[in-house]
Amino acid sequence: MASGSGSGGSRGQDGAEPKNLEALLKFALEHTPGGEVPDESTQNHAPMSEERREWLNTALSGMYKDVVKEMQKCLDILNEKLESDNDEDQEQKENALEYLQDLCDSMDNANDLHKIGGMPTLMKCLHSSNGEMKWMCADLLATMSQNNPYMQQVLIDDQFLPVLLDLLDKDCVDMVRIKALYALSCLVRTHTNAQKEFIKLDGFSFLIRALQSGVNKLQIKSAFMLKAMIVDNTEFKDMLYKMGFVQQLVALIQTPHDVSHEHMLSVLNNLVTNHPGCIKECQEPNLQLESTLQQKLKDLKGKEEYQEELEYTKELLSKCFPKDNSSSMDR
């Protein structure tokens, strides 16, 4: 943990810093002067005394200041030691990022990290020459932006999207690429402005290259992101169709079998659903998709570990080649 983790601030019974309102209220009740916690029969009826209300406000205010202070300590460590190659300094920087990650599980804390000026420091971490720093920072950005429209917009405004795309595309460390993709997925998910910026930067081309990377984890996470975006906005299907994603995905499932095939088939199934253009393209004889899927049926039959991939294969056959395969899939 970062050196700032030994705060003298208030903590719960297990020593952990309460991270959200529910935890704070529980903490406050556990630490009410006298130690009494209202039971179920009385807590909804007895009004809070002025003394208790004042104590609670003071406790919550003090805890907020403690968290902000801890985050500032982490930022100070990162700013002061960012260029150092010293092992001890590197450990402190990693601890600082790890501690920020813990704190930013709370959406309020994530927002406050921005409000105290933390984003330029995180941008510097993404540009570090150290792979560990880059992937830990990308992981932190994912945590901060996940289901958090405020932080999603901040990351767009502060130009984090092109930096993450560049890391996904060009970094030589697989973990950096994987975490950059994770951050991108959290940043873009269900956020219209982020999706518009993603399209403007030709983000789908970055994803197809990730699908073609040969790194299974990267391929699988790229497929998940693609599927989520299609489900979130079916208009993306037209764009992917025009970009040739059908041919690319078919080519990928025709490579030697690995764990990514299940996820490629899942994306392809989503693309062809209610999209005549994608279906027609799948039916092109030169793609040889029907024979590829028929061979998969034979290869996967009876293999329980590939049951989901087998179902996707059957589903794709029924959508694209319904007349030819209705009897063979029933057997």
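Below is a summary of the structure that appears in this document. All values derive from a computational prediction rather than experimental measurement.

1. A short note on the packing of aromatic side chains
(1) Moving on: Enumeration according to the criterion identifies three aromatic pairs in this entry.
(2) Moving on: Centre to centre, the rings of Phe204 and Phe236 are 5.5 Å apart; their planes meet at 70°, and the pair counts as edge-to-face. Here Phe204 is found in helix 11 (residues 203-211), whereas its partner Phe236 is found in helix 13 (residues 236-242), with 32 residues between them in sequence.
(3) Moving on: With relative accessibility at 2%, the residue Phe204 sits in the buried group.
(4) Moving on: Given the relative accessible area of 6%, Phe236 is considered buried.

2. As for the nonpolar core
Looking at soluble globular proteins, one finds that nonpolar side chains tend to be buried together.
(1) Moving on: By size, the foremost hydrophobic cluster in this structure holds 92 residues, and its most contacted members are Leu122, Leu141 and Met144.
(2) Moving on: For this core, the element with the highest residue contribution is helix 9 (residues 174-188), accounting for nine residues.
(3) Moving on: If sequence neighbours within four positions are ignored, Leu122 has contacts with Leu97, Leu113, Cys137, Leu140, Leu141, Met144 and Phe160.

3. Here we look at helix 9
(1) Moving on: Its 15 residues give helix 9 an end-to-end C-alpha distance of 21 Å, which sits within 8% of 21 Å, the value for a rise of 1.5 Å per residue.
(2) Moving on: Burial analysis of helix 9 places 11 of its 15 residues in the buried class, the great majority of the element.
(3) Moving on: Considered for burial, the residues of helix 9 that qualify are Val176, Arg177, Ile178, Lys179, Ala180, Leu181, Ala183, Leu184, Cys186, Leu187 and Val188.
(4) Moving on: Turning to helix 9, the residues buried within the fold contact helix 6 (131-145), helix 7 (149-157), helix 8 (160-170), helix 10 (192-200), helix 11 and helix 12 (216-232).
(5) Moving on: Thr190 occupies a position one or two residues after helix 9 and carries a positive phi of about 55°.

4. Considerations on the environment of Asn79
(1) Moving on: Considering the arrangement of structural elements, one finds Asn79 in helix 2 (residues 50-81).
(2) Moving on: The spatial distance from the C-alpha of Asn79 to the C-alpha of Thr121 is 6.5 Å, given a sequence separation of 42 residues.
(3) Moving on: Filtering out sequence-adjacent residues up to four positions away, Asn79 remains in contact with Thr121 and Lys124.

Criteria and thresholds
- Residues numbered from 1 in each chain as written.
- Predicted model: local features only at pLDDT ≥ 70, side-chain atom pairs only at ≥ 80, totals over all residues.
- Heavy atoms only, no water.
- Phe/Tyr/Trp six-rings, centres within 6.5 Å; stacked < 30°, edge-to-face > 60°.
- Helix = DSSP H or I, 4+ residues; strand = E, 2+ residues; numbered from the N terminus.
- Buried < 20%, exposed > 50% of the residue type's maximum accessible area, 1.4 Å probe, protein only.
- Core = buried A, V, L, I, M, F, W, Y, C linked by side-chain atoms within 4.5 Å.
- Contact = heavy atoms within 4.5 Å.
- Expected span 1.5 Å × (residues − 1).

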